[in-house]
Amino acid sequence: AQSVAQPEDQVNVAEGNPLTVKCTYSVSGNPYLFWYVQYPNRGLQFLLKYITGDNLVKGSYGFEAEFNKSQTSFHLKKPSALVSDSALYFCAVRALYSSASKIIFGSGTRLSIRP
Amino acid sequence: ETGVTQTPRHLVMGMTNKKSLKCEQHLGHNAMYWYKQSAKKPLELMFVYSLEERVENNSVPSRFSPECPNSSHLFLHLHTLQPEDSALYLCASSQSDSYTDTQYFGPGTRLTVL
């Protein structure tokens, strides 16, 4: 079965410090992994995705994520957090050979950056 | 968020009402989606349309009825809803329904069923 887990409901970081939002997945076959961000009263905005190639993926707003096949993880990172990064972050996975529409979203992690 | 628009942004309806949610995408995409986002639950995929044909219906109750008249527009018709249907309904679109295509989301319609 295809699944994705975000083990932390909330992550608190001081402005200027590095941040990590964790995501692990379980699929049969090669995974396609996505990160989205949701600001209050808004829809989800695409940040980055891993399809193939370099394990380190760079995305919008200075975010990056590292695909780790052995640990089945795709953690979202940023070297220096901004207060404006405070939002809800979702990891999502699709797998080759599953239904093309079977994208599974994690439950979300609320990121709070304190000044 | 001008790529995918949704109207209305907020909707309050009684259980006996009939209403419709509208989604329009200006990205030239061929696939469109309806999602339900409830508090403390993962995002739930409801329906998928590809080239105006429904390709996915994730066991959604018949009180939700989607319509895709063309590749730019998607509707969700609502009737005899229940209070537990109160949620944020998100529309999304992608170039196709391929595994690797990114989905772009609208701002959502906040639905409250009294």
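Preceding this section is the structure that the text describes.
All values derive from a computational prediction rather than experimental measurement. (Residues numbered from 1 in each chain as written. Chains lettered and ligands numbered in written order. Predicted model: local features only at pLDDT ≥ 70, side-chain atom pairs only at ≥ 80, totals over all residues. Heavy atoms only, no water.)

Undergrad: Explanation requested: the interface of chain B and chain A in the structure shown.
TA: The parts lose accessible area when they come together, and the size of an interface is often stated as this lost area. Listed per partner, the contact involves 23 residues of chain B and 27 residues of chain A. For the pairing of chain B and chain A, the buried interface totals around 2000 Å² over both sides, and the portion due to carbon and sulfur atoms is 52%. Summed over the shared surface of chain B and chain A, the result is five residue pairs in polar contact (both at pLDDT 80 or more). If you list the elements that add at least two residues to the side of chain B that touches chain A, you get strand E4 (31-37), strand E5 (44-50) and strand E9 (87-94) of chain B. Broken down by element, the residue count for the side of chain B that touches chain A peaks at three residues, all from E4(B). Among the residues forming the side of chain B that touches chain A, the class breakdown is eleven nonpolar, seven polar and five charged. (Contact = heavy atoms within 4.5 Å. Buried area = accessible area lost by both parts, 1.4 Å probe. Polar contact = N/O pair within 3.5 Å; in protein donor to acceptor, adjacent residues only side chain to side chain. Helix = DSSP H or I, 4+ residues; strand = E, 2+ residues; numbered from the N terminus. Nonpolar A, V, L, I, M, F, W, Y, C, P; charged D, E, K, R; others polar.)

Undergrad: Please clarify how the packing of aromatic side chains should be interpreted in this entry.
TA: Think of a pair of aromatic rings as described by two things: how far the centres are apart, and how the planes are tilted against each other in angle. One pass over the full model with this rule turns up twelve aromatic pairs over all chains. Taken together, a centroid distance of 5.4 Å and an interplanar angle of 85° make the contact between A:Tyr36 and B:Phe105 edge-to-face. On the criterion of chain membership, the pair formed by A:Tyr36 in strand E5 (residues 31-38) and B:Phe105 in strand E10 (residues 104-105) is interchain, its members lying in two chains. A relative accessible area of 0% means that A:Tyr36 is categorised as buried. Exposure remark for B:Phe105: the relative accessible area of 6% places this residue in the buried category. A ring pair is formed by A:Phe63 and A:Tyr89, whose centres lie 5.6 Å apart and whose planes are at 50°; its orientation type is tilted. Of this pair, A:Phe63 sits in the loop between strand E7 (56-58) and strand E8 (64-68) while A:Tyr89 sits in strand E10 (residues 87-95), and the two are 26 residues apart along the sequence. Judged on exposure class, the residue A:Phe63 and its partner A:Tyr89 are both buried. Three or more aromatic residues link up through ring pairs in this structure, and these residues are A:Tyr36, A:Phe46, A:Phe105, B:Tyr33, B:Tyr35, B:Tyr104 and B:Phe105. (Phe/Tyr/Trp six-rings, centres within 6.5 Å; stacked < 30°, edge-to-face > 60°. Buried < 20%, exposed > 50% of the residue type's maximum accessible area, 1.4 Å probe, protein only.)

Undergrad: Is there a simple way to explain the layout of surface pockets in this structure?
TA: One simple way to see leftover space: roll a probe sized like a water molecule over the atoms. Considering only enclosed or pocket space, the largest pocket measures out at about 620 Å³ in volume. Taken together, 27 residues form the lining of the largest pocket, with A:Gln38, A:Leu88, A:Arg110, B:Gln37 and B:Ala39 sitting closest to its centre. Elements that contribute at least two residues to the lining of the largest pocket include exactly E10 and strand E12 (109-114) of chain A together with E9 of chain B. Element by element, the count of residues in the lining of the largest pocket is highest for E10(A), at three residues. (1 Å grid on protein atoms, 1.4 Å probe; cavity = no way out; pocket = protein on both sides within 12 Å on 5 of 7 lines; lining within 4 Å. Points joined across faces, edges and corners; volume = space filled by probe spheres on them.)

Undergrad: Help me understand the nonpolar core, please; the structure alone is not making it clear to me.
TA: Inside soluble globular proteins, nonpolar side chains tend to come together where they are buried. Grouped together as the largest cluster of nonpolar side chains are 29 residues, with contacts concentrated most on A:Leu19, A:Trp35, A:Leu47, A:Leu48, A:Phe74, A:Leu76 and A:Tyr89. Take this core: its biggest share by element is five residues, from E10(A). If we skip the residues at most four places from it in the chain, A:Leu76 touches A:Leu19, A:Thr20, A:Val21, A:Trp35, A:Leu47, A:Leu48, A:Phe63, A:Glu64, A:Ala65 and A:Tyr89. Ranked by size, the runner-up nonpolar core spans 22 residues in total, among them B:Cys23, B:Trp34, B:Met46 and B:Val113. (Core = buried A, V, L, I, M, F, W, Y, C linked by side-chain atoms within 4.5 Å.)

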